[in-house]
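One-letter residues, chain by chain:
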Amino acid sequence: MSDLSRRFDRIINGTPQMLWMSRADGKGDAFNKAWHDFVGVPPGTITSDNLAQWIHPDDRARVRHAWRRALSAQDGYEIDYRLRHHSGAYRWVTARGAPTYDADGRMEGWLGTTIDIDDRKKAELLLALNAQRYRALHETSAMVLWIALPDGRVTEQWGWASVSAQEGDDFRDWGWLAAVHPEDRQRVMARWQTALAGGSVYDASFRVLTRSGDFRWVEARAVPVRDADGAIREWVGKLSDIHERMEAEESLRASEERLRLAVESTALGIWDADFVTGRREWNTQARAILGLPDEMPVDRDSFRARVHPDDREEVERRFFVDSPADGSVYRGEYRILRADTGEERWVAATGRTVVDGRGRPVRKIGTVRDITERKRSLQALSSSERRLRLALQAARMIAWEQDLTTGFVTRSENAVGILGIGSGPVEEILACIHPQDRQLRRDFLHSPDCGDTIEIRYLRPDGQRLWLAIRGERVGNDRLVGVTFDITAQKQAEEEAWRMASLDGLTGLSNRASFQETLEHICSGMSGEAPAFSLLLVDLDHFKDVNDTLGHDAGDQLLMEVGARLRRAVRAGDVVARFGGDEFAVLVREPPAAGWAEKLAERIRTTLLAPFATRGRTFATRASIGIATFPHDGANAKDLLKSADIALYRAKAEGRNRFVTYTPALRAAVEERIALVEDVRRGLRAREIVPYYQPKVCLASGRIVGFEALARWNHPDRGLLTPASFSVAFEDPELSRALGEQVLACVTADMRHWLDHGLAPVQVAVNVSPAEFSDRRLASSIMEMLDRRGIPARWIEVEITEAVFLDQMLADAAATLQELHAAGFSIALDDFGTGYASLSHLKRFPIDHIKIDKSFIHEIERNEDDEAIVSAVIHLGHRMKMQITAEGVETLSQASRLHELGCDNAQGHLYAGAMSACDVTAFLTRLPGDESCAAPGRRGPAARAGGG
């Protein structure tokens, strides 16, 4: 026996632990009695050769690999695996072993223990399973979950980054408020503080900034979790995306006008109650039935007042509730008291509740019909004779009597005119009833009490389709009497109302709501890696020009023609929709072949380029198209639409009249743009946007006649940046206005500083962006800022670009410029000749000063066309009594040629580059005292002001 074996025998005697031993080469395993007792076999049964049969089959390869690795490394052995217990079940154990050495330091074998860890292992597995279940619950709920401290500070969240533009720990504490729309923050915070103060449930809806730069509506709800003493331990909340619901509600409101026109064309009284806005609409016939004048508003209380007192409780129960919400029609008959005469009359009313995507009622529509004459006839006949003889003067109404024994139906004479058949066996009419409605008619025949009205679809022998309402009453055991009336017109009106809710009223295409519902349905029903379908967003280029030049009628004709061309361009299984305005969508439903979506986009683009004629004019329609493919570009409808929209945005940015297929790089560009915009916002808050000043010099005298304030960004990481580095910020109207306001505030402060230090006043030109003209208080805001600084209006020049002439607020821009001009401000037109200005704009707007773009100055000495253009502008401006300034003057020869052509002023690096306010102070201070407005150096067009 080896020393290792003798030591093993001494160790294992009497110990309850499971011990084992192995030679250095991993052979000759020995296991103690505790080991054999655990697995339920006699001592000596288990060896290294048969050990595997007691190890769980799924763990054997893993155990064998771990043992071989330990033998190779000679550095300890440890593994968890399942070992068959003497009970027959497998239990989790931990096996540990370490090499042993003899007195000379040579490895002689292995000694180890095996510990039963089944209870602990199962607890760990259960915890892991619970964690997986929690993650799965969160992922399948499409919700954001969050936890907050008792004081309202958010500490944890799951899914916030998938909803908002924030990342990492930006949400913590009150950081999440930065992603809330500025218009919603105060309201959201007030509700949150109220919930915190009272320990009540928190519930709010608001908009959240997403990574795409858009705001989406979400709904937040939180409840307090209390300890045993009733104190709030934490808040647990959820946040759900409700953007589609809010858009659906907005779409419903937008279609109200079309719905009103449709319902007023029918002879039925039709009503429409909007639960979102609280507005109720009644068509002319409905008002006539109730005796209400057109000018009298109809609300819930005024309508209730018209209902007979004895019927109000029933009407409240049947009609003034939001259910049923399953789309079924509910109806009733009751008496009213006419508003004009007080006369009591009977009406029959129907209604249907419209629900949003989450099953919540948003509106109710229905009909009302005066049935006084029929009701009176029924009441009179019921009191005089049990057999009902209905008055046939009721329009399109049939009286009938059925023998339940023979099945023969006797009908009034007008049955042939309405139904196309007279009296006969009941099977005759059953054959004409829609197959899906026949069982309803059979159940009606066998019902003990046929008091309810049923509605069925009916096909006349001549092929005409009708809707019929049937009401009857059993007389004795073998007879049924009743009335059938034609409700086709009523049904058509209801169907038209529903059609208008799902189709675009102008083009007849699917509208945005129904298209998104279709898209969501298809996305939810597909899975896998292979592309299933493609989505194309089509946006007409410069559609506004058609409305502005030819009128909205021509624009509507163009939209209808575009819809028709899109239908012809796609396949029968594809879906075309109008999203609103001039935007369309195409869903290529079948799995497209490689490049199919791009080929379809090119076909659509080419199809729309075909000439379109209206009002004697012919023009082509161009379109920008964005393409996204499911599931690569979006695994759900929301993401797929966003990807297509990003591609569409790129197509517009690249020059329009083209298609772009989505790639992840496009989303990255959008995210980069969002990040830049947010950085500009931060820069505004930090007051990093400041003006730099470039002088304007008189070409004749060399005197400085003014400065132009140019925006610069003192970025903490990137240094001094020109507007070209953050031009994307000017695309945001709100941000553009904020930039302009901050620059103007700095300019007026600098001018006040120069005047207070004794410098001669000098005119400063301030650029005003087109976005700033959307503020009708622009002129008064500028004048108020100058008044606070004590600066006269004549020392400020308002510089605009030709883009103002294309703005949709053109009239407001003209009024604002007139107001500024009347107050003493000079108006300058910048970059003249490069944009969209025409000579008529020079007449219409109060322009005092024209600035020729530097692109015409650069080659003026060598390019005869440029010289001709500059000369024409100078002569035109002088004839209209305007000052002319050339921009971008860099050489003496350019200045000399401009002076020869009669140009008044020059601006460019020949004289000075843009300088800070402090440098301007030093610059003006250095000027000779006797010519405080003259540039240093010699006079004339070549005079140089220094600096660069």
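This text gives an overview of the structure that appears in the document. (Residues numbered from 1 in each chain as written. Predicted model: local features only at pLDDT ≥ 70, side-chain atom pairs only at ≥ 80, totals over all residues. Heavy atoms only, no water.)

## Thoughts on the overall build of the protein chain
Definition in use: Numbering of helices and strands runs from the N terminus; a helix is a DSSP stretch of H or I covering at least four residues, while a strand is a stretch of E covering at least two. Areas reported as accessible are Shrake-Rupley estimates using a 1.4 Å probe. Residue values count occlusion only from the protein chains shown.
When its secondary structure is counted, the protein chain shows 29 helices and 37 strands. Accessible surface computed for the protein chain: about 46400 Å², of which carbon and sulfur atoms make up 51%.

## Describing the sheet that holds strand E7 (residues 154-158)
Condition: Here the rule is simple: two strands pair whenever DSSP picks up at least two bridges between them. Axes here refer to lines fitted to C-alpha atoms; in helices the fit is confined to the stretch in contact. Angles between the N-to-C directions go from 0 to 180 degrees. Only heavy atoms matter for contacts: two residues are in contact if any of them lie within 4.5 Å across the pair.
Taken in spatial order, the 5 strands make up an open sheet running E7-E6-E10-E9-E8, and their pairing is antiparallel. Taken across any chain shown, the strands that pair with only one partner, and hence form the sheet edges, are E7 and strand E8 (202-209). Here the average twist between neighbouring strands, direction ignored, is 25°. Alignment of E8 against strand E9 (residues 215-226), held across 8 bridges, turns out to be antiparallel. Opposite Asp203, over in E9, you have Arg221 as the bridge partner. Each of strand E6 (143-148), E8, E9 and strand E10 (232-241) touches helix H6 (residues 182-198); the most contacted strand, E8, lies at about 155° to it.

## As for the state of the cysteines
Disulfides are covalent bonds that connect the sulfur atoms of two cysteines. Short version of the rule: Counting rule for disulfides: a pair of cysteine sulfur atoms within 2.5 Å. Using a 1.4 Å probe on the protein chains alone, a residue whose accessible area is under 20% of its type maximum counts as buried, one over 50% counts as exposed, and one in between counts as partly exposed.
The tally for this structure, following the rule as stated, stands at 0 disulfides. Cys698 supplies the cysteine sulfur nearest to Cys903, a cysteine that is in no disulfide, at a spacing of 9.7 Å. Exposure remark for Cys903: the relative accessible area of 4% places this residue in the buried category.

## Points about unusual backbone geometry
With an omega of 0°, the peptide bond running from Phe630 to Pro631 counts as cis. With respect to the secondary-structure elements, Pro631 resides in the loop between strand E27 (623-630) and helix H21 (637-653). Despite not being glycine, Asp173 has its phi angle at roughly 55°, a positive value. In this structure Asp173 comes out as partly exposed when scored by relative accessible area, which is 35%. Despite not being glycine, Asn657 has its phi angle at roughly 55°, a positive value. Considering the arrangement of structural elements, one finds Asn657 in the loop between H21 and strand E28 (659-661).

## Comments concerning the packing of helix H19 (residues 552-569) against helix H20 (residues 596-609)
The condition is simple: Oblique is the label for any angle not covered by the other classes, which are roughly parallel (under 35 degrees), roughly antiparallel (over 145) and roughly perpendicular (65 to 115). Crossings are sorted by hand: turned counterclockwise from the far helix by less than a right angle, the near helix makes the crossing left-handed, and turned clockwise it makes it right-handed. When residue character is reported, Ala, Val, Leu, Ile, Met, Phe, Trp, Tyr, Cys and Pro are called nonpolar, Asp, Glu, Lys and Arg charged, and the others, Gly included, polar.
One way to put it is that H19 packs onto H20 with a least axis distance of 10 Å and a crossing angle of 140°. Accordingly, the angle class assigned to the pair H19 and H20 is oblique. Handedness of the crossing formed by H19 with H20: right-handed. Residues Val562, Arg565, Leu566 and Ala569 of H19 touch H20, and the partners they reach there are Leu600, Arg603, Ile604, Thr607 and Leu608. Residue composition of the contact of H19 with H20, by class: 6 nonpolar, 1 polar and 2 charged.

## Re the sheet that holds strand E24 (residues 583-588)
Strand order in the open sheet formed by 5 strands is E23-E24-E22-E27-E28, and the pairing between neighbours is mixed. Every other strand in the sheet has two partners, leaving strand E23 (575-580) and E28 as the edge strands with one partner each. If you compare each strand with its neighbour and ignore which way they point, the axes differ by 20° on average. As judged from the 6 bridges shared by strand E22 (residues 533-540) and E24, these two strands associate in the antiparallel manner.

## Examining the packing of aromatic side chains
Cut-off, in case you're wondering: Ring pairs are drawn from Phe, Tyr and Trp, using the six-membered ring of Trp, whenever the two centres fall within 6.5 Å, and their geometry is named by plane angle: stacked under 30 degrees, edge-to-face over 60, tilted for the rest. Charges are assigned to positions over rings by a cutoff of 6 Å between ring centre and Lys NZ or Arg CZ, combined with an angular limit of 35 degrees from the ring normal.
Tallied over the full model, the rule gives 15 aromatic pairs. Ring centres 6.1 Å apart and planes at 85° place the aromatic pair Trp20 and Tyr77 in the edge-to-face group. Remark: Tyr77 occurs in strand E3 (residues 77-84) and Trp20 occurs in strand E1 (residues 18-23); sequence separation between them is 57 residues. Residue Tyr77 is classed as buried on the basis of its relative accessible area of 8%. Residues Trp146 and Trp192 carry aromatic rings whose centres are separated by 5.7 Å and whose planes lie at 80° to one another, so their mutual orientation is edge-to-face. Here Trp192 lies in helix H6 and Trp146 lies in strand E6, a separation of 46 residues in the sequence. Residue Trp192 is classed as buried on the basis of its relative accessible area, which comes to 1%. In this structure an aromatic cluster arises from ring pairing among Trp20, Trp67, Tyr77 and Trp110. Between Lys121 and the ring centre of Trp92, over which it is positioned, the NZ or CZ distance is 4.9 Å. Looking at Lys491, its charged tip hangs above the ring of Trp467, at a distance of 4.5 Å from the centre.

## Looking at the packing of helix H22 (residues 664-685) against helix H23 (residues 733-756)
As a packed pair, H22 and H23 sit with axes 11 Å apart at the nearest point and diverge in direction by 30°. The angle between H22 and H23 falls in the class roughly parallel. As H22 packs across H23, the resulting crossing turns out to be left-handed. In contact with Val677, Val680, Arg681, Gly683 and Leu684 of H22, H23 contributes Leu735, Ala738, Leu739 and Gln742. Classifying every residue of the contact of H22 with H23 by side-chain character gives 6 nonpolar, 2 polar and 1 charged.

## Examining the side chain of Gln490
Put simply, the rule reads: Polar contacts, as used here, are pairs of N or O atoms within 3.5 Å; protein pairs need one atom able to donate a hydrogen and one able to accept it. Residues neighboring in sequence count only if both atoms are side-chain atoms.
Checked against the element boundaries, Gln490 lands in helix H16 (residues 488-502). Assessed through its relative accessible area of 5%, Gln490 is described here as buried. At 3.3 Å, the side chain of Gln490 and the side chain of Arg369 are in polar contact. In contact with Gln490, not counting residues within four places along its chain, are Leu268, Thr350, Thr367 and Arg369.

## Overview of the side chain of Arg306
One can find Arg306 in helix H10 (residues 300-306). Not counting the four nearest positions on each side in its chain, Arg306 is found in contact with Leu290, Leu292, Arg335, Ile336, Leu337, Arg338 and Ala339.

## Structural notes on the pairing of strand E21 (residues 479-486)
Taken across its 8 residues, E21 has 7 buried, putting it largely inside the fold. For strand E20 (residues 465-475) and E21, the ladder comprises 8 bridges, and the chain directions are antiparallel. The residue bridging Arg474 from the neighbouring strand is Leu480, located in E21. Connecting E20 to the antiparallel partner E21 that follows it, the hairpin turn spans 3 residues, and Gly476 within it adopts a positive phi of roughly 70°.

## With respect to H19
To be explicit about the condition: Here the expected length of a helix is defined as 1.5 Å per residue gap, with one fewer gap than residues.
In this model H19 runs 25 Å from its N-terminal to its C-terminal C-alpha over 18 residues, within 8% of the 26 Å that 1.5 Å per residue would give. Buried within H19 we find Ala554, Gly555, Leu558, Leu559, Val562, Gly563, Ala564, Arg565, Leu566 and Ala569.

## Quick word on H21
The α-helix advances 3.6 residues per turn, and as a result positions three or four apart in sequence lie on the same side. Between its first and last C-alpha, H21 extends 24 Å over 17 residues, near the 24 Å set by a 1.5 Å rise per residue. Within H21, burial applies to Ala637, Leu640, Leu641, Lys642, Ser643, Ala644, Ile646, Ala647, Leu648 and Ala651. For H21, the N-terminal cap is Asn636; the gap from its side-chain oxygen to the backbone nitrogen of Lys638 is 3.2 Å.

Any link to function would need more than the numbers given here.
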